[in-house]
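# Remarks on the overall topology
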Amino acid sequence: MTVATNSTTFQPIAPRPAPVNTEGPLAWIKDNLLADWKTTLSTVVIGGILLWYVPQILNWAFFKAHWVADFNACKVEGGGACWGVVTEKYRSIIFGRYPFEEQWRPLVATVLLVGLLVTSCMRSFWKAWLPLVWLVVLAAFFLLMYGNVAGLSRVETDRWGGLPLTILLASLSLVASFPIALLVALGRRSQLPAIRTFCTLYVELIRGVPLISVLFMASFMFPLFMPQGLQIDVLIRVLVGITLFAAAYSAEVIRGGLQAVPKGQVEAAATLGLTYWQTQRKIVLPQALAMVVPGIMNNFISTFKDTSLVAIVSLYELMGAMKMAVNSDADWRPYIMEGYFFIALIYFAFCFAMSRYSQWVEKQVNKSKSR
Amino acid sequence: MSSTAPPPKKNWSWRSQAFRGVVYQIVAIALIGAVVWFLAHNTLANMRIRGIQSGFDFLAQTAGFDIGEGLYPFDSEESYFRAFLVGVTNTLRVALIGIVLATALGILLGVGRFSRNALVRGLCVSYVEFFRNIPVLLQLLLWYVVLTEVFPAASEAWQLGWFYLSKGGLNYPIPVWATGQLWAVYGLLGGWVMAWLYRRWAHQQFEATGSIRSMIWVPLLIVLLGGVIGWALGGAPTGLNHPVRGEFSIENGGALTPEFLAVLLGLTLYTASFIAEVVRGGIASVPRGQMEAASALGLSRTQEMRLVMLPQALRVIIPPLTNQYLNLTKNSSLAVAIGYPDVVSIANTALNQTGRAVECIAIVMLVYLITSLGTSLLMNWYNSRAAIKER
């Protein structure tokens, strides 16, 4: 009844309040910084600490820092960082003990190798000829660094150092360890007990010991292993050590990928009459390897960081070169901390870029699975 | 159609898979055997030519070098064997403390990634990205430089209560041993038993009535209370051995050397960034619906985390966490670079003094292998307990 009478005269209801804004910077701040009293409190505390310390750090690192290569200026009390040590020594930090006039050679070689690393990261270059390019570039790297051809003077490997050595150790051990890792991973899943036992033993033994003991072995025991009179360069010995070490870790990553391939795939291949190697090459590996690219990339990052250990067995890669360059000069020795920060920045730049790339690949690989 | 029987298996033919397998294995064993024989033969020949003695008899000889720190005193008159023991305990000491600290920090950082506060999230992300992308050896050396050069000399040590921080390391008071402390330990043990009983009772109550009682704070309080009661019963000794500012160094009290602190700091901060990622991955792996269901049941945010999310996340977290623990232990070998006397550093000194490279490196590898395999066994056992029981 009442409904009928009311409907004759129009009575507007009170307007609703506008919906709470959930977009835009203000809403974001309200949601992420000032949501409730706990969040607000931690925002205030952390913000206060940041406001107090960040300007001090910036002052130290930039505004009060000394950039000119003059160690007397750094001695003034209350000054900031002394980046002069980098300005003064950057060439011996980056290239180690490589002859000064010839340092364009490691520069070109490094640019070549880094360029190849970057192109290998792009999907459109994942072709069959890529390994061939790798061989060519690595050969060019060695020729450039070692010289003794085409009018280049010979530079012994003990003069090599700095960033080129770091990149060489990391990428060469990655390339060399991959085939070993592949075979060992297949061997660990083999039906043949002797081969399986041997591969398991190798992986577990290597993964159980620290890299430094492998490097000690390479530098102290390797000469004993070789026939009398055969001298092997310390660079090669260390490379063998790092490669064998990296191979064990990569083998585990690849094994993970192999296990993720459904059993039905292998059975289907068997019904088609493919042999073991045909099954692996055409069915299993293409699926498994696509999955392990991020894992291999992570191994590469840790190998890149681990190359800093070869400084302990007297090869002067980036860190060893920095320590030698700064410690050999009594005037600059007090500012070695700035030197450490400088190479930390270099390592960070490389590793951060690579880990971002690895995350990107992971997303690409998982694209087919997530819908 | 007459069915034809399959051709009889020819066991000694190249077509038989089993036969091929046997041949492959024999070839592999022969190859490996040849390589091992080649290496061993060369090694023995080289050692004979260079006059290197071999064998582990050197372990009984006097070491002739001092070790700066250790759980028990060591002087140069004692044997190599004792020196190695000191090295192993030093390695284990820094690794164990590092594991505890890195786990605590890593869990905080990993859980912090899910905070509602953007600043907390940002801090956690930047911490992880910063610390895991710089080589751990570089971090150790950097901390060592900071601890030995930036910090003040002992005569101007920073003082915070009874703690002194200087180039000489961290000095702290240690309680003077009295029977009261023994009573306190008994009290703690008694409190632990009481807490265990309380937790059992609380669990039964929960099963019977569904009422939730505190399973962490109340038991913790009971344990502490037991300790305090025991301490009071023992006469409440308060004697502390305070560090005193001497002329050249801080004297008395307990001390942590800068080497130890640098290794501990470096390893803890580095590994914590990896553990944070492991914890984050574990929590992220729990389906979103679980948390929504938990809040639909009316659980608080803490309860959601503790009762629903963490038990499920733990199954994903534990295997990679084990790897991080092993990595930390193995990375403690880098202590050799800053002179902390861990087992690698002792082996290095022994190697240089006796020239027995094979034996010294074998000892180092054996120590790490035993630690690694022991930890993995322990963690596998725990993992099988925590795994979902399927079928």
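Conventions used here
Residues numbered from 1 in each chain as written. Chains lettered and ligands numbered in written order. Predicted model: local features only at pLDDT ≥ 70, side-chain atom pairs only at ≥ 80, totals over all residues. Helix = DSSP H or I, 4+ residues; strand = E, 2+ residues; numbered from the N terminus. Buried ≥ 20, exposed ≤ 12 C-beta atoms within 10 Å, placed from the backbone. Rg over C-alpha atoms; globule rule 2.2 N^0.38 Å. Contact = placed C-beta atoms within 7 Å. Nonpolar A, V, L, I, M, F, W, Y, C, P; charged D, E, K, R; others polar. Pairing = 2+ DSSP bridges. Axes fitted to C-alpha atoms, helices over the stretch in contact; angles between N-to-C directions. Parallel < 35°, antiparallel > 145°, perpendicular 65-115°, else oblique. Core = buried A, V, L, I, M, F, W, Y, C linked by C-beta atoms within 7 Å. pLDDT = per-residue confidence, 0-100. Left-handed = near helix turned anticlockwise from the far one by under 90°.

Secondary structure summary: chain B contains eleven helices and eight strands in total. Its C-alpha atoms put chain B at 90 × 70 × 45 Å along the principal axes. Residue burial in chain B is summarised as follows: out of 391 residues, 31% are buried.

Secondary structure assignment for chain A yields 15 helices and zero strands. Its C-alpha atoms give chain A a radius of gyration of 29 Å, more than 25% over the compact-globule value 21 Å for 371 residues. Here the C-alpha coordinates of chain A stretch approximately 115 × 80 × 40 Å along the principal axes. Going through the 371 residues of chain A one by one, you find that 32% of them count as buried. For chain A, long-range pairs separated by at least 24 residues make up 67% of all intrachain contacts whose partners lie at least 6 apart in sequence.

All right, on to the interface of chain A and chain B then. Interfaces are often described in size by the accessible area the parts lose on coming together. Listed by partner, the interface residues are 42 residues for chain A and 45 residues for chain B. Elements with a contribution of two residues or more to the side of chain A that touches chain B: helix H3 (37–63), helix H9 (193–208), helix H10 (211–225) and helix H15 (336–366) of chain A. Per-class residue counts for the side of chain A that touches chain B are 30 nonpolar, eleven polar and one charged.

Residues and elements named next belong to chain B. Pairing is antiparallel across the open sheet formed by four strands, whose spatial order is S1-S2-S3-S8. Both outer strands of the open sheet, strand S1 (158–160) and strand S8 (254–256), are each paired with one neighbouring strand and no more. When strand polarity is set aside, the average angle formed by the axes of neighbouring strands in this sheet is 20 degrees. Pairing geometry for strand S3 (residues 169–172) and S8, over three bridges, is antiparallel. Bridge pairing in S8 links leucine 170 to leucine 256.

With that settled, consider the packing of H9 of chain A against helix H1 (residues 17–50) of chain B. At a minimum axis separation of 8 Å, H9 of chain A and H1 of chain B run at an interaxial angle of 40 degrees. Overall, the two elements H9 of chain A and H1 of chain B adopt an arrangement that is oblique. Counted together, Ala194, Ile195 and Phe198 of chain A of H9 of chain A and Gln25, Ala28, Ile29 and Ile32 of chain B of H1 of chain B form the full contact between these two elements. A per-class count over the contact of H9 of chain A with H1 of chain B returns six nonpolar, one polar and no charged.

One face of the sheet, then the other: side chains in a regular strand alternate in exactly this way. Residue and element names in this part refer to chain B. Pairing of S1 with strand S2 (residues 163–166), which is carried by three bridges, proceeds in the antiparallel orientation. By the bridge assignment, glutamine 159 is partnered in S2 with tyrosine 164. Linkage of S1 to S2, two consecutive antiparallel strands, is achieved through a turn of two residues, within which glycine 161 is found at a positive phi near 65 degrees. Here three bridges tie S2 to S3, and the two strands are oriented antiparallel to one another. From the neighbouring strand, leucine 165 faces S3, where its bridge partner is leucine 170. Taking the residues that link successive antiparallel strands as the turn, the S2-S3 hairpin has two residues.

Moving on, we get to the nonpolar core. Within the largest apolar cluster, 150 residues are counted, with the highest numbers of intra-cluster contacts made by Leu215 of chain A together with Leu140 and Val263 of chain B. Residue contributions to this core peak at 15 residues, all from helix H7 (residues 258–285) of chain B. In this structure, leucine 140 of chain B is in contact with Ala262, Val263, Gly266, Leu334, Ala337 and Ile338 of chain B, ignoring residues within four places of it in sequence.

We now examine helix H14 (residues 318–327) of chain A. In terms of residue burial, H14 of chain A counts as a mostly covered element, since eight of its ten residues are buried. Summarising the contacts, the buried residues of H14 of chain A are in contact with helix H5 (84–95), helix H8 (162–188) and H15 of chain A together with helix H4 (136–150) of chain B.

The predicted coordinates ought not to be read in detail in places where the model reports low pLDDT. Confidence in the prediction of chain A, expressed as mean pLDDT, is 84, and 97% of residues score 70 or more. Here helix H1 (residues 2–8) of chain A is the element of chain A with the lowest mean pLDDT, 57, and helix H12 (residues 263–271) of chain A is the one with the highest, 90.

Mapped onto the elements, leucine 119 of chain B comes out in helix H3 (residues 118–132). Leucine 119 of chain B sits in the partly exposed class, given 19 other C-beta atoms within 10 Å. Separated by 86 residues in the primary sequence, leucine 119 of chain B and glycine 33 of chain B have C-alpha atoms spaced 60 Å apart. Beyond its immediate chain neighbours, meaning those up to four positions away, leucine 119 of chain B contacts Leu33, Thr43, Ile46 and Gly47 of chain A.

Turning next to the packing of H8 of chain A against helix H13 (residues 276–306) of chain A. All names here are of chain A. At a closest axis distance of 11 Å, the pairing of H8 and H13 adopts a crossing angle of 140 degrees. By the angle between their directions, the pair H8 and H13 is classed as oblique. Note that H8 runs across H13; the crossing there is right-handed. Taken together, the residues of H13 that come into contact with H8 (itself represented by Ala170, Ser173, Leu174 and Leu186) are Gln280, Phe300, Thr303 and Phe304. Taken together, the residues of the contact of H8 with H13 sort by class into five nonpolar, three polar and no charged.

Okay, the environment of alanine 218 of chain A next. Residues and elements named next belong to chain A. Looking at where alanine 218 falls in the secondary structure, it is placed in helix H10. Here the alpha-carbon distance between alanine 218 and proline 55, two residues 163 residues apart in the chain, equals 47 Å. Ignoring any residue separated from it by four or fewer positions in sequence, one finds alanine 218 in contact with Arg237, Val238, Val240 and Gly241.

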